[in-house]
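A closer look at the structure
Residue-level listing of the chains:
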Amino acid sequence: MRAELARRAERGAMKAVLSIVTGRSAGQRVRLPLGQPFCVGRGGRADLILAHDEKMALVHFELAWDGATCRLRDRSRQGTELDGKHVDEAELKNGAWIGAGGTRFLFRIRSEDLRSELPPAPPAPPPSPEMLSARREALVVLSREKHLFAILDAARDRRVRALLAACDEEFRSLYEGPKGEALAEVAPYLVHLQPGSPLLPVLVEDAWGASWGVYLTSARPFKEVRQRLRRSLMVQDEETGKRMYFRLYDPRVLRLFWPACTPRQKSEIAGTEIESFLVEGTTGEVLRFAREG
């Protein structure tokens, strides 16, 4: 297994990803650099800083990834846990859990090819030539955006969660608490698509036109965008007064709803955080719904 990992690493086919699982930064993930130490802590010379975790040392632990194996070294006096046991130094296995201060991390070794991580697609007719053309055009438009996010609906296809688990981008469910955990398999997920993201081509080439979700632009931090979207998850029926989920992240809903919105309604949904939504049209064209106008 190690020899195979080394061969794939030489071909640039493997990557090591550290994900934050608990705490305020849950959902954040970083790709470990190849051939140089990567430090995690509350400050100081740490590469990944979690300033809010007061139980963590300034530099709590160090990871060294060589393309095939990763070693953990404790650099604190509090101790670092690996799969529930305190360690000073150890080699990490794929799927290892790391505990430091009040935060838990998940270490994963992934393939560079996101599609290799996906379960088989359900049977479906191949996209038409028109849709293939629309996907190419949509990828060009979306790739130009410097501050791009997507809201992906896990209920649409089981590949959504598999893609998020395999990518390096920061993502998090729009649901919270015990109810959010219970609905994890069908929840909407916000993901930050950095410029050059390898996830974007997969999403567009495989799913544009399949109502997997919507895209939006915002120069604000991930946390602020998520908070704004969470305010729009529930709406109240004007006749019955009953509160219900609003599927803002469904392009079939948004492309009908937004043009009929009043300026006040648009402001309530987008706030000052969201600049525009980019949505697939009925024939695959890109529809842009600006916050104003």
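Everything that follows concerns the structure shown earlier in this document.
About the cut-offs
Sequence positions are assigned chain by chain, starting from 1 and proceeding in written order. Per-residue local features are limited, in this predicted model, to residues with pLDDT of at least 70; the limit for side-chain atom pairs, both in listing and counting, is 80 or more; totals at the level of whole chains, interfaces and linings are taken over all residues. Only hydrogens and water are set aside; all other atoms, that is, all heavy atoms of the structure, feed into the side-chain values. Remark: exposure states derive from per-residue accessible area (1.4 Å probe, protein chains only) relative to the maximum for the residue type, with buried under 20%, exposed over 50%, and partly exposed in between. In this text, helices come from DSSP runs of H or I with a minimum length of four residues, and strands from runs of E with a minimum of two, each type numbered from the N-terminal end. The arc refers to the directions leading from the helix axis to the C-beta atoms. Contacts are assigned to residue pairs that have any heavy atoms within 4.5 Å of one another. Between any two strands, pairing holds if DSSP finds at least two bridges. In this scheme Phe, Tyr and Trp rings, the latter by its six-membered ring, pair at centre separations within 6.5 Å, and the angle between planes marks the pair as stacked below 30 degrees, edge-to-face above 60, and tilted otherwise.

**Things to note about helix H8 (residues 263–270)**
Restricting attention to buried positions, one finds in H8 the residues Lys266, Ile269 and Ala270. In a view along the axis of H8, the buried residues occupy a sector of 85 degrees, so they form one face of it. Among the structural elements, helix H6 (222–230), helix H7 (251–260) and strand S18 (276–280) are those in contact with the buried residues of H8. Where H8 terminates, the next one or two residues include glycine 271, which has phi positive at roughly 60 degrees.

**A word on the pairing of strand S11 (residues 103–111)**
On a regular strand, one side chain projects to one face of the sheet and the next to the other, so that they alternate. A large share of S11 lies buried, amounting to seven of its nine residues. Note that strand S1 (residues 14–20) and S11 share seven bridges and pair antiparallel. Of the residues in S11, the one forming a bridge with serine 19 is leucine 106. In this sheet, S11 lies alongside strand S10 (residues 97–100) in antiparallel orientation, the contact comprising four bridges. Its bridge partner being in S11, isoleucine 98 is matched across the sheet by phenylalanine 105. Here S10 folds back onto S11, and the loop between the two strands holds two residues, one of which, glycine 101, carries a positive phi near 60 degrees.

**A short note on helix H3 (residues 159–166)**
Residues spaced three or four apart along an α-helix point in a common direction, a consequence of the helix completing one turn every 3.6 residues. Judged by how many residues are buried, H3 sits mostly within the fold: six of eight residues are covered. Every buried residue of H3 is accounted for by Arg159, Val160, Ala162, Leu163, Leu164 and Ala166.

**Thoughts on the pairing of strand S12 (residues 148–153)**
Among the six residues in S12, six count as buried, and that is most of the element. Across the two faces of S12 the burial is the same, with Leu148, Ala150 and Leu152 and Phe149, Ile151 and Asp153 all buried. Sheet analysis places S12 next to strand S14 (residues 188–193), joined by six bridges and oriented antiparallel. For alanine 150, the partnering residue across the bridge sits in S14 and is valine 191. Pairing of S12 with strand S15 (residues 213–217) involves five bridges; the strand directions are antiparallel. Bridge pairing in S15 links alanine 150 to tyrosine 215.

**So, unusual backbone geometry**
Positive phi, close to 50 degrees, is recorded for aspartate 83, a residue that is not glycine. Structurally, the position occupied by aspartate 83 is in the loop between strand S7 (80–82) and strand S8 (85–87). With phi around 60 degrees, serine 211 is a residue other than glycine that occupies positive phi space.

**Thoughts on the environment of leucine 216**
In this fold, leucine 216 is placed in strand S15. Residues leucine 216 and leucine 278, spaced 62 residues apart in sequence, show a C-alpha to C-alpha distance of 5.7 Å. Apart from residues no more than four positions distant in its own chain, leucine 216 is found in contact with His147, Leu148, Phe149, Ile151, Val225, Leu229, Ile274, Ser276 and Phe277.

**With respect to the packing of aromatic side chains**
Within this structure, the stated rule accounts for six aromatic pairs. Measuring from ring centre to ring centre gives 6.0 Å for tryptophan 208 and tyrosine 215, while their planes differ by 40 degrees; the resulting arrangement is tilted. A relative accessible area of 2% means that tryptophan 208 is categorised as buried. You can call tyrosine 215 buried: its relative accessible area is 5%.

In short, shape yes, function no, at least from these values alone.
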